[in-house]
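This is what each chain is made of:
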2 protein chains.
Amino acid sequence: MNSPITGEILIGQRAVDNGQRTLKAVNPATGETLAPDFAQAGPAEVEQACALAWAAFDAYRETSLEDRARFLEAIGEQIMQAGQPLIDRAVAETALPPARIEGERARTVGQLRLFAQVVRAGEFLDVRVDPAMPDRQPLPRPDLRLRNIALGPVAVFGASNFPLAFSVAGGDTASALAAGCPVVVKGHPAHPGTGELVGRAIQAAARECGMPEGVFSLLLGGIETGAALVRDERVKAVGFTGSRGGGLALVDIASKRREPIPVFAEMSSINPVFLFPAALAARAADLGKAFVGSLTMGAGQFCTNPGIVVALESPDLDRFLKAADEALSAHVPSAMLTPGIHGAYEKGVQALEKAEGVQVCARGGAGEGPNRGRAALFSTSIGNFLAQDALQHEVFGASSMVVRCKSIDDMRQVAERIEGQLTVTLHLEEADYELARSLVPVLERKAGRILANGWPTGVEVAHAMVHGGPFPATSDSRFTSVGTLAIRRFLRPVSYQALPAQLLPESLRPENLARIPRLEDGKRLLP
Amino acid sequence: MNSPITGEILIGQRAVDNGQRTLKAVNPATGETLAPDFAQAGPAEVEQACALAWAAFDAYRETSLEDRARFLEAIGEQIMQAGQPLIDRAVAETALPPARIEGERARTVGQLRLFAQVVRAGEFLDVRVDPAMPDRQPLPRPDLRLRNIALGPVAVFGASNFPLAFSVAGGDTASALAAGCPVVVKGHPAHPGTGELVGRAIQAAARECGMPEGVFSLLLGGIETGAALVRDERVKAVGFTGSRGGGLALVDIASKRREPIPVFAEMSSINPVFLFPAALAARAADLGKAFVGSLTMGAGQFCTNPGIVVALESPDLDRFLKAADEALSAHVPSAMLTPGIHGAYEKGVQALEKAEGVQVCARGGAGEGPNRGRAALFSTSIGNFLAQDALQHEVFGASSMVVRCKSIDDMRQVAERIEGQLTVTLHLEEADYELARSLVPVLERKAGRILANGWPTGVEVAHAMVHGGPFPATSDSRFTSVGTLAIRRFLRPVSYQALPAQLLPESLRPENLARIPRLEDGKRLLP
């Protein structure tokens, strides 16, 4: 079952070579080009993928919950069957270590299985029944039944930094397929071979499960390919993980369509870490060391990388910084994902080095080979931080800024001043709770996830997870891209009034054979 | 408790006269001006209202569910206490009959009570708990808890056509307050006195219940007042019911803010009615008469007014048209809501009269007095309908177009061609089910509500209602503006990871004293 990588475009069940072999995979750790060359999708391939997705939509969205759950599980099985060649290729294309890629594969497969559970449970349909009241005065009430249906074909933009978990069969794809939406992926050009192997796994699963052909396609390409996909009127929603500029460009295209569509763009976050006094007093050195672990994990290429640290100026903070300095100095960087990402990182770090009132606290080692970014820890005063919006801009990679506060009120000012975030972290002891309590309401307004005594990197795939947050962390704070709630992005409610039972979808029929949970006349009934 | 109407702007608990008494209330049935003159809110009043709303937000969103529910009920009680003067004023300002206004008051108060129930039930918080798994391999799982929190202050734009139910204390206000969002209403200038009376009822309820002052303000004004409100960075969402142009203008303003915000605009729908052959054969004359009842109700000024009728050409259709003609000819129109709305109606009808391939089937009586719009029923061929997008544009008022089809496939083509709708109606008998079954999947993609053997006017406030639909019916098909699901527009999820119980909001604490329903480790637990 080890498919070779051919560099073709995957459209439905076909593998297409349009002759435009213009994309090359590169090993960022060595700069070597990896075979083969990859075909870039043009307007013809976008058209074919969207036409197939549209043709599949009505059938796919009405597949039984069991069939759809089985399809998600089959994708996971096919990914596992891709075996070691998938791991090797992902390592070669990303310079991420094999253990990380294996963990990411487990996460990706686990995520597909979790969405299979969600589909089987049926609660995502949000079935509601308000029975008729023929004798109600002054007017009778008609029978009303509601369910969620799939929005339509979804365009998914794979992320560079998670070649499996946020890419071809990642969270956006899994949740869209779970919702009943066909998916057209615009694969990230940083890992095209990994993408193709995963795409072929989805093709095989669709074939095995007898799904309509257009349920999945994978297009490789650049900005124009992605733009054409978002402009296509058959695409009804977009999932994206990447830069603020990239996300906003897609939002702009989507809003200018004849029929505007929602874009779920997860974009930019600096994930503030607040160190409270008693926590710093109790474990400054441990915190400094653990902080560097989170900062440098995966070469700092996490959406939830801790980009600012907020603390009171004190000898304890100095101890934290000393421990961080020691850990950082000993850190040997691995290659970043692409030369472009590495270049942007160096530019961002250089800008901070030159920024007014910013001091370099520590730098990591230089490492050997191309695309290594030296980790960087800066510090600045509260006044300087508040005076310069630019100090809040995300530098993607292992760069962070300590904001030195003089009072808890300063810390609150930072909290009020920061833009929307994916996460906010608190390090605290019981003696800090009173101070923290006054900050939590501010932080709730700013972030999708508030965590205590841990590090923001590492996003659990769970029911109670939010990987989202106010702008610019995402383009729509009401949704999450990780966890089971992610399915809600791709659904909309439809109400059926007095429809004869023979015309109702099965999930709404009185007999409820599939035992789907219901809200009946406002009361929650369990099956 | 009968407050006089003063024409002042209501900001928090104050009534403000800024000296800009530039707005006049007019009785559309007579053209008379009604005292007093009303003050138009300028930038200073927008600033004050938003500052107060923002100051109220953190406290209001954390009011106990019981206190918040009680506040909603108190608003209803205060509206009832406004008594006959409120009914009289609404009749004078809208030319809608007293019975309709009384019914609308009952709906408005019932809606507030229903949202009080929703608040008490607590399910809208979507509480989820994934307990820690300290021994999980390869990594422990942290404790994760999720709840929804309010988005922030909401700007509500009152609609012209429902002076109570979609206005100052209407569905948008009720659902936003229920979610925990302070509300700043931009009152509709077509019924400023009605608005003030209702606004004063909300003020009194807020006072009685000890709510933070900024929980509610009412600004009267024009386009600039509304635009300033949507631009204000403290406003975090917008509810709007009105024209497509008005809704899209707000969407545009909201998307260009430094922090873009969601706009829930309910805009434009022509609510197609499909008459199936057996239904027409069985009851053509009754359908014709009932159709005219729905078409002319409230001078046709419903978002769900049936603007097109799709049927097979046949002697039965002729019988339907004959009955409709008879009913329409006997119809005496009441005044429309404003001279502007009446003027737009006349212009729309004239354009249809002149449109190529469009025949006048029937016209209503002319009536006496200003602002009367003669009802109008047109017909056209399927070919002509498909050739002219303009025939799909909403004419707000009692105007409708019959599309004459030659086959069921023609009816399906109409279904595929129409834009997004609030409703689609089917009239059918058992013999029609087979034909209808092939149409339902298309209609699900097009509308928020599909109803059988009834009329789209009349929107039940219920758990299973969707008053929404794909663009341009609304700006966001994933939400409804009527029914208990409307609360979801104004909420976003926040995840709390490993937060000490002392810092958790009460709804997430392990002891769950308020007995709020939970999804625990993916399993639904009832309290």
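On a predicted model such as this, the values are computed, not experimentally measured, just so you know. (Residues numbered from 1 in each chain as written. Chains lettered and ligands numbered in written order. Predicted model: local features only at pLDDT ≥ 70, side-chain atom pairs only at ≥ 80, totals over all residues. Heavy atoms only, no water.)

(A) Highlighting the sheet that holds strand β7 (residues 154-157) of chain A. Residue and element names in this part refer to chain A. What the seven strands build is an open sheet, ordered β2-β1-β9-β8-β7-β10-β11; its pairing is mixed. The open sheet is flanked by β2 (14-16) and β11 (263-266), the only strands paired with a single partner. Neighbour-to-neighbour, the strand axes of this sheet turn through a mean angle of 20 degrees, independent of strand direction. Taken together, the five bridges between strand β8 (residues 183-187) and strand β9 (residues 216-220) define a ladder with parallel strand orientation. By the bridge assignment for β9, Val183 is matched with Phe216. (Pairing = 2+ DSSP bridges. Helix = DSSP H or I, 4+ residues; strand = E, 2+ residues; numbered from the N terminus. Axes fitted to C-alpha atoms, helices over the stretch in contact; angles between N-to-C directions.)

(B) Quick peek at the packing of aromatic side chains. Applying the stated criterion across every chain, the model contains 19 aromatic pairs over all chains. Ring geometry for Phe291(B) versus Trp455(B): centroids 6.0 Å apart, planes at 45 degrees, classification tilted. Here the residue Phe291(B) occupies a position in helix α9 (residues 277-296), and Trp455(B) occupies one in the loop between β18 (447-452) and β19 (491-497), the gap between them amounting to 164 residues. Side by side, Phe291(B) and Trp455(B) carry an identical accessibility label, which is buried. Above the ring of Tyr60(A), the side-chain terminus of Arg68(A) is found at 5.8 Å from the ring centroid. Cation over ring: Arg61(B) sits above Phe57(B), and NZ or CZ is 5.2 Å from the ring centre. (Phe/Tyr/Trp six-rings, centres within 6.5 Å; stacked < 30°, edge-to-face > 60°. Buried < 20%, exposed > 50% of the residue type's maximum accessible area, 1.4 Å probe, protein only. Lys NZ or Arg CZ within 6 Å of the ring centre and 35° of its normal.)

(C) Up close: helix α11 (residues 339-354) of chain A. Residue and element names in this part refer to chain A. Its 16 residues place the ends of α11 23 Å apart at the C-alpha level, agreeing with the 22 Å of an ideal helix rising 1.5 Å per residue. Of all the positions in α11, only Ile341, His342, Tyr345, Gly348, Val349 and Leu352 are classed as buried. For α11, the arc enclosing every buried residue in end-on projection is 125 degrees, short of the 170-degree limit, so these residues lie on one face. The exposed residues of α11 that point more than 90 degrees off its buried face are Pro339, Gly340, Lys347 and Lys354. Of the surrounding elements, those touching the buried residues of α11 are β14 (358-363), β15 (376-381) and β16 (399-405). (Expected span 1.5 Å × (residues − 1). Arc of directions from axis to C-beta. Contact = heavy atoms within 4.5 Å.)

(D) Spotlight on the environment of Glu434(A). Residue position: Glu434(A) is located in helix α14 (residues 433-446). Between the C-alpha atoms of Glu434(A) and Arg488(A), which are 54 residues apart in sequence, the distance is 36 Å.

(E) Representation of the domain arrangement of chain A within the structure. Residue and element names in this part refer to chain A. One can read the domain layout of chain A as domain 1 (9-15 + 34-267 + 478-489) and domain 2 (272-452). Here the C-alpha centre of domain 2 lies 33 Å away from the C-alpha centre of domain 1. Each partner contributes residues to the interface: domain 1 has 13 residues there, and domain 2 has 13 residues. Summed over both partners, the interface of domain 1 with domain 2 comes to about 940 Å²; 59% of that surface belongs to carbon and sulfur atoms. (Domains from an automatic or database assignment. Buried area = accessible area lost by both parts, 1.4 Å probe.)

(F) How the structure looks around the interface of chain B and chain A. Listed by partner, the interface residues are 75 residues for chain B and 75 residues for chain A. Between chain B and chain A, a total of about 6,300 Å² is buried, with carbon and sulfur atoms accounting for 55% of that surface. Considering only the surface of chain B that becomes buried against chain A, Glu444(B), Arg478(B) and Leu503(B) emerge as the three largest contributors, covering 12% of it. Remark: the boundary between chain B and chain A carries 14 salt bridges. As a salt-bridge pair, Glu460(B) and Arg136(A) come within 2.6 Å of each other at their nearest N and O atoms. The interface formed by chain B and chain A holds 44 residue pairs in polar contact (both at pLDDT 80 or more) in total. Sorting the residues of the side of chain B that touches chain A by element identifies α1 (43-61), β5 (128-130), β6 (144-150), α14 (433-446), β18 and β19 of chain B as the ones contributing at least two each. When residues of the side of chain B that touches chain A are assigned to their parent elements, the largest contribution, eight residues, is made by α14(B). A class-by-class count of the residues in the side of chain B that touches chain A yields 40 nonpolar, eight polar and 27 charged. Bridge count for strand β18 (residues 447-452) of chain A against β19(B) is three bridges, and the pairing is parallel. What sits directly across from Ile450(A), in β19(B), is Tyr496(B). (Salt bridge = Lys/Arg side-chain N within 4 Å of Asp/Glu carboxyl O. Polar contact = N/O pair within 3.5 Å; in protein donor to acceptor, adjacent residues only side chain to side chain. Nonpolar A, V, L, I, M, F, W, Y, C, P; charged D, E, K, R; others polar.)

(G) Structural context of the UniProt feature "domain: Aldehyde dehydrogenase" (unreviewed entry) in chain A. Those residues carrying the UniProt feature "domain: Aldehyde dehydrogenase" (unreviewed entry) are residues 18-460 of chain A in this numbering. In this annotation, residues 18-460 of chain A is assigned 45% helix and 19% strand; the end-to-end C-alpha distance for the span is 40 Å. (UniProt positions renumbered as here; feature names shortened; annotations may be inferred.)

(H) Geometry of the pattern of salt bridges. All names here are of chain A. Applying the stated criterion across every chain yields a total of 84 salt bridges over all chains. A salt bridge links Glu47 to Arg234, with the nearest nitrogen and oxygen atoms 2.7 Å apart. Taken together, the positions of Glu47 in helix α1 (residues 43-61) and Arg234 in the loop between α7 (223-231) and β10 (237-241) put the pair 187 residues apart, joining distant regions of the chain. The class for Glu47 is partly exposed, based on a relative accessible area of 38%.

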